[in-house]
Amino acid sequence: MAIGWKGVFPAVTTQLRADLSIDLADTQRVVDDLIRDGVTGVIALGTVGENNSLEYDEKVQVLSAIVEVVDGRVPVITGCSEYDTRRAARYAQAAEKAGADGLMLLPPMVYVPQSHELVNHFKGVAESMDLPIMLYNNPPAYRTVINKDVLSALVDVKNIVAVKESAPDTRRFTDFRNEFGDRYVLFAGLDDVALEGLYLGAQGWVSGLTNAFPKESVELVNAFERGDHAKALEIYRWFMPLLHLDAEHDLVQSIKLAEEVMGRGSERVLPPRYVLQGERRAEVIAMVEKAAATRPDLTPTAAATPVLA
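Residues numbered from 1 in each chain as written. Predicted model: local features only at pLDDT ≥ 70, side-chain atom pairs only at ≥ 80, totals over all residues. Heavy atoms only, no water.

## A closer look at the overall build of the protein
In terms of regular secondary structure, the protein is built from 12 helices and 8 strands. Against the 2.2 N^0.38 benchmark of 19 Å for 309 residues, the protein shows a C-alpha radius of gyration of 18 Å, consistent with a compact globule. Seen through its principal axes, the protein has C-alpha atoms that stretch 50 × 50 × 35 Å. Counting over 309 residues, the protein shows a buried share of 55%. Counting contacts in the protein only where the partners sit at least 6 residues apart, residues at least 24 apart contribute 74% of the total. Put simply, the protein shows about 13100 Å² of open surface, and 51% of that area lies on carbon and sulfur atoms. The centroid of the 31 positive side-chain charges in the protein is displaced by 1 Å from the centroid of its 44 negative side-chain charges. (Helix = DSSP H or I, 4+ residues; strand = E, 2+ residues; numbered from the N terminus. Rg over C-alpha atoms; globule rule 2.2 N^0.38 Å. Buried < 20%, exposed > 50% of the residue type's maximum accessible area, 1.4 Å probe, protein only. Contact = heavy atoms within 4.5 Å. Areas by Shrake-Rupley, 256 points an atom, 1.4 Å probe, with all protein chains shown as cover. Lys, Arg positive; Asp, Glu negative; His and termini not counted. Charge placed at Lys NZ, Arg CZ, Asp CG, Glu CD.)

## Quick look at the packing of aromatic side chains
Throughout the structure, instances matching the rule amount to 9 aromatic pairs. Here Phe213 and Phe239 contribute two aromatic rings whose centre-to-centre distance is 6.0 Å and whose plane-to-plane angle is 80 degrees, an arrangement assigned as edge-to-face. Of this pair, Phe213 sits in the loop between strand S8 (204-207) and helix H9 (214-225) while Phe239 sits in helix H10 (residues 229-243), placing them 26 residues apart in sequence. A relative accessible area of 0% means that Phe213 is categorised as buried. Above the ring of Tyr136, the side-chain terminus of Lys164 is found at 3.7 Å from the ring centroid. (Phe/Tyr/Trp six-rings, centres within 6.5 Å; stacked < 30°, edge-to-face > 60°. Lys NZ or Arg CZ within 6 Å of the ring centre and 35° of its normal.)

## A few points about the UniProt feature "active site" (unreviewed entry) in the protein
The sites that carry the UniProt feature "active site" (unreviewed entry) are, in the present numbering, Tyr136 and Lys164. In terms of the greatest pairwise C-alpha distance, the residues named above, spread along 29 residues, form a tight cluster of at most 4.8 Å across. As for the lining of the largest pocket, the annotated residues named previously contribute Tyr136 and Lys164. Along the chain, Tyr136 turns up in strand S5 (residues 133-137). Overall, Tyr136 belongs to the buried group, its relative accessible area being 5%. If we ignore the near neighbours within four places in the chain, the residues touching Tyr136 are Thr47, Met104, Leu105, Leu106, Pro107, Tyr142, Ile146, Lys164 and Ser166. Looking at the element boundaries, Lys164 is found in strand S6 (residues 160-165). When neighbours within four sequence positions are excluded, Lys164 is seen to be in contact with Met104, Met134, Leu135, Tyr136, Asn137, Phe187, Gly189 and Val206. (UniProt positions renumbered as here; feature names shortened; annotations may be inferred. 1 Å grid on protein atoms, 1.4 Å probe; cavity = no way out; pocket = protein on both sides within 12 Å on 5 of 7 lines; lining within 4 Å.)

## Focus on empty space enclosed by the protein
Counted under the stated rule, the structure contains 1 cavity of 30 Å³ or more. Quantified by volume, the largest cavity comes out at close to 40 Å³. Leu151, Val163, Phe176, Arg177, Phe180, Gly181, Tyr184 and Leu186 are the residues that line the largest cavity. The leading source of residues in the lining of the largest cavity is helix H7 (residues 171-180), at 3 residues. By residue class, the composition of the lining of the largest cavity is 6 nonpolar, 1 polar and 1 charged. (Points joined across faces, edges and corners; volume = space filled by probe spheres on them. Nonpolar A, V, L, I, M, F, W, Y, C, P; charged D, E, K, R; others polar.)

## Some thoughts on helix H4 (residues 115-128)
Look at H4: 20 Å from first C-alpha to last across 14 residues, which is about the 20 Å you get at 1.5 Å a residue. On the buried face of H4, the contacting elements are helix H3 (85-98), strand S4 (102-105), S5, helix H6 (148-153) and S6. (Expected span 1.5 Å × (residues − 1).)

Structure, rendered in structure tokens:
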């Protein structure tokens, strides 16, 4: 299906059994619940989906199961996170065959490419199949940056259409908008600067904590889009303690624990990650329980002033 490239796209979790084998049926349940709660699309096998802890065949199985349960209701974009261009192109081709609607393409893992190498990696994957691509920029995590020079070199690659911006420096949204106009659709990719990203030109939000609180996440973006700034700020301020978890080293464990506290999924994770323990576990549980006990009223406020494009 065509991707609207706007709204809320949770990076969905990969559910596991007690023996840490992949639970495809429960993964499908989690995704189905998110769609029923109103999300605009889903990101399969992103960081939160533990992409780099899965074997190639497991990735294809998880993606195929998600495509099956989504059944065309919303777009399915899959993370493509590999060591090199050959492996990334192989997975991208398999994702296209499995029925994914788009690709969220990461820089090569482990090796930190120079700009021209990064450009060639993205071009190589883009040319290997026809899916539309969202590039994923996250300099703190991946030690390389998708800057204006990289995007300038990719302007003519037709199926590179969007950028998920996960750098904490929100000035980049304005810089990209000034440099490229609407050539690239921008997405907010770091939860605790999501609303700032929307105000600065992001058309959507790839979110981690939406897995635990999908209705609030959807209403946050809906409120912004209809110009209900008071409601958007109310939800955002309530959500912020949890949104900070998305910027932490243990974001996957924290988000899956939040899912479990909210009765939506299991906290189990694949090694090298392990479930949170001790004070950190208690801290995250307390944060989620407080958020659940103080959920904001999602009724729109009266005044609405749309944001200018």
